[in-house]
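Listed here are the chains, written in short residue letters.
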2 protein chains.
Amino acid sequence: MSRVAYVNGRYLPHRKASVHVEDRGYQFSDGVYEVCEVRESDIVDLTRHLERLDRSLSELSIRSPMPRRALAAVLAEVVRRNRVRDGLVYIQVTRGVASRDHPFPSASVAPSVVITARSSSRANADAMAARGVKVITLPDNRWERVDIKSIGLLPNVLAKQKAREAGAREAWFVDREGHVTEGASTNAWIVTTDGDLVTRPADKGILRGITRRAVMDMADQRNIAVVERPFSVAEAKAAREAFMTAATTVVMPVVQIDDTVIANGEPGSVASDLRARFHEAVERVPTRRALA
Amino acid sequence: MSRVAYVNGRYLPHRKASVHVEDRGYQFSDGVYEVCEVRESDIVDLTRHLERLDRSLSELSIRSPMPRRALAAVLAEVVRRNRVRDGLVYIQVTRGVASRDHPFPSASVAPSVVITARSSSRANADAMAARGVKVITLPDNRWERVDIKSIGLLPNVLAKQKAREAGAREAWFVDREGHVTEGASTNAWIVTTDGDLVTRPADKGILRGITRRAVMDMADQRNIAVVERPFSVAEAKAAREAFMTAATTVVMPVVQIDDTVIANGEPGSVASDLRARFHEAVERVPTRRALA
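A quick note: this is a predicted structure, and the numbers were derived from the prediction, not measured. (Residues numbered from 1 in each chain as written. Chains lettered and ligands numbered in written order. Predicted model: local features only at pLDDT ≥ 70, side-chain atom pairs only at ≥ 80, totals over all residues. Heavy atoms only, no water.)

Side note on the pattern of salt bridges
(1) Moving on: With the rule as written, the count across this model stands at 56 salt bridges over all chains.
(2) Moving on: Among the ionic pairs, Asp 101 of chain A bridges to Arg 164 of chain B, the shortest N-O distance being 3.8 Å. You can see Asp 101 of chain A sitting in the loop between β6 (87-94) and β7 (112-119) and its partner Arg 164 of chain B sitting in helix α5 (residues 154-165), one on each of two chains.
(3) Moving on: When its relative accessible area of 40% is taken as the criterion, Asp 101 of chain A is described as partly exposed.
(4) Moving on: By relative accessible area, Arg 164 of chain B is classed as partly exposed at 42%. (Salt bridge = Lys/Arg side-chain N within 4 Å of Asp/Glu carboxyl O. Helix = DSSP H or I, 4+ residues; strand = E, 2+ residues; numbered from the N terminus. Buried < 20%, exposed > 50% of the residue type's maximum accessible area, 1.4 Å probe, protein only.)

Structure, rendered in structure tokens:
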């Protein structure tokens, strides 16, 4: 079966899915995106992802391409057409196509919408989580508005590449004060020796992660304290556990930061438990329901 | 006559010029660009633009898509096919098309190359220069590697839009120390009461402008002192002259910064003279020669 992508109103064979070279996403990174996990054909945390998409669009004064319910239906249709049972669905919205000029084009220019989906192996992800992953730390050199989920991801690309070259899975950005901000595509967490979950407050220095929010909700239900405060690299290296969260990795235990092994080098019990029970706790929108 | 664009080896009608939705330029702003002025069918400062393109590619470990001479020939062919006498030629190179994943794809993935050209009115540009333009100042919120001419231009887009909404032509970014870094798409200059040209050193805080370099060369030839040092917004507002440089605007006098009129509100003589003589001083590569 060949893959299908949605591009500006049409479902196209993936290999033919294209946008104009003067799409502002291509020339200016003038657009935003979301990635939702697909689990057993359900779209995970769809409501919050669509809310955040609206917020990102609003921050950039890009108009919403279609009503939220219609967008949910298209996402579901792309999942369905690609027969994704477990995997991801990706949506990107840009300011549209216009002759190259920095300021916003005329209000008559329609935003561009691209939606793709792909399957991924749960077994592989679970095996990785059972081992835990290594992260490296890098100075945070990104722009100030990383709270907007924009496609301007070049610093993240470079950080991820450095991580890969170091045999690591993720790079944690570190601010001038030596505090971890977030990963290149994940939020960063530690578990203190007191058993508290610590993650940085979702101010303008990090993205307001949807999986981060879901983990907070889970912690609340289990009476685990969540403390939103910055933590240093040194504190993370000495923590009882470390982990990262994102729709693409759910809860992923971190067992090494730079050259330092965390605790005994095994995934921690708090992170592993949050991961194991995550899909019981979150909103799951069946593809069929979103299409109805 | 319809416009033509070069896309990955083919000359296409502009309206059909497209790239794949998983081009890394579209999803990650993982690419770089150059804009050259075209003047009387000559490409201005072509050598330096191609050198800077190579440097940007090298900083991002994107391989060069073709030898420099071949690239020059394609640029010239796009200028020729679009019958651009005065205007611009634009080139964008990205890391190519690959399934979405932050780290660099396999070395077998070819970079994408898009080249477009368009005519613009010299009369309009000269009329604007005769009046001078207004700029606003904004905090510099960009990433740290603005020395790389990447397509990650969202902060620049937002700044330019703010300028437009304030009735201005450009936004000058200001660092934490209150010094002007550069404009959203231009370099920033002042002329002191002593007649010195002042512009910020081309360290990692600004782009190493080609037109900036050409103006330095011109100043040298005229025994005008050029001082590379940061200058504050207050100093700029009290300067004898202010101006900005870029391939898209050549030398453009600035007559107002925020609410402050510069000197008597007329374009300064130094900037106007540099503009008038600019095209005698720079490298001009005839389209025909680049094609040979």
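What about the interface of chain B and chain A?
(1) Moving on: The interface is formed by 56 residues belonging to chain B together with 56 residues belonging to chain A.
(2) Moving on: For the pair chain B and chain A, the two sides together bury roughly 4800 Å², of which 58% comes from carbon and sulfur.
(3) Moving on: One can count two salt bridges joining chain B with chain A.
(4) Moving on: Linking chain B with chain A are 30 residue pairs in polar contact (both at pLDDT 80 or more), by the criterion used here.
(5) Moving on: For the side of chain B that touches chain A, the secondary-structure elements that each account for two or more residues are β3 (18-20), α1 (24-28), β4 (31-39), β6 (87-94), β7 (112-119) and α5 of chain B.
(6) Moving on: Considering each element in turn, the side of chain B that touches chain A owes the most residues, eight residues, to α5 of chain B.
(7) Moving on: In the sheet, strand β3 (residues 18-20) of chain A pairs with β3 of chain B via three bridges, with the strands oriented antiparallel. In the sheet register, His 20 of chain A faces β3 of chain B, and the bridge partner there is Ser 18 of chain B. (Contact = heavy atoms within 4.5 Å. Buried area = accessible area lost by both parts, 1.4 Å probe. Polar contact = N/O pair within 3.5 Å; in protein donor to acceptor, adjacent residues only side chain to side chain. Pairing = 2+ DSSP bridges.)

Here we look at the relation of the copies chain B and chain A
(1) Moving on: Expressed as a screw operation, the relation of chain B to chain A combines 0.0 Å of axial shift with a rotation of 180°, fitting to an RMSD of 0.0 Å. Interpreted geometrically, this transformation is the action of a two-fold axis.
(2) Moving on: Of the interface residues in chain B, 100% have counterparts in chain A that sit at the interface too, so the contact is made through matching surfaces. (Least-squares fit on C-alpha atoms with pLDDT ≥ 70 in both.)

What to know about the sheet that holds strand β2 (residues 10-13) of chain B
Residue and element names in this part refer to chain B.
(1) Moving on: Strands sit in the order β2-β1-β7-β6-β4-β5-β17 across an open sheet of seven strands; the sheet is antiparallel. The sheet is open, and its two borders are formed by β2 and β17 (284-286), each paired with just one other strand. Strand-to-strand twist in this sheet, taken as the mean axis angle between neighbours without regard to direction, amounts to 25°.
(2) Moving on: Inspection of the sheet shows β6 paired to β7 by eight bridges, in the antiparallel sense. Counterpart to Gln 92 in the pairing with β7 is Val 114.
(3) Moving on: Docked against the sheet, helix α2 (residues 46-59) engages β4, β5 (42-44), β6 and β17, running at close to 175° with respect to β4. (Axes fitted to C-alpha atoms, helices over the stretch in contact; angles between N-to-C directions.)

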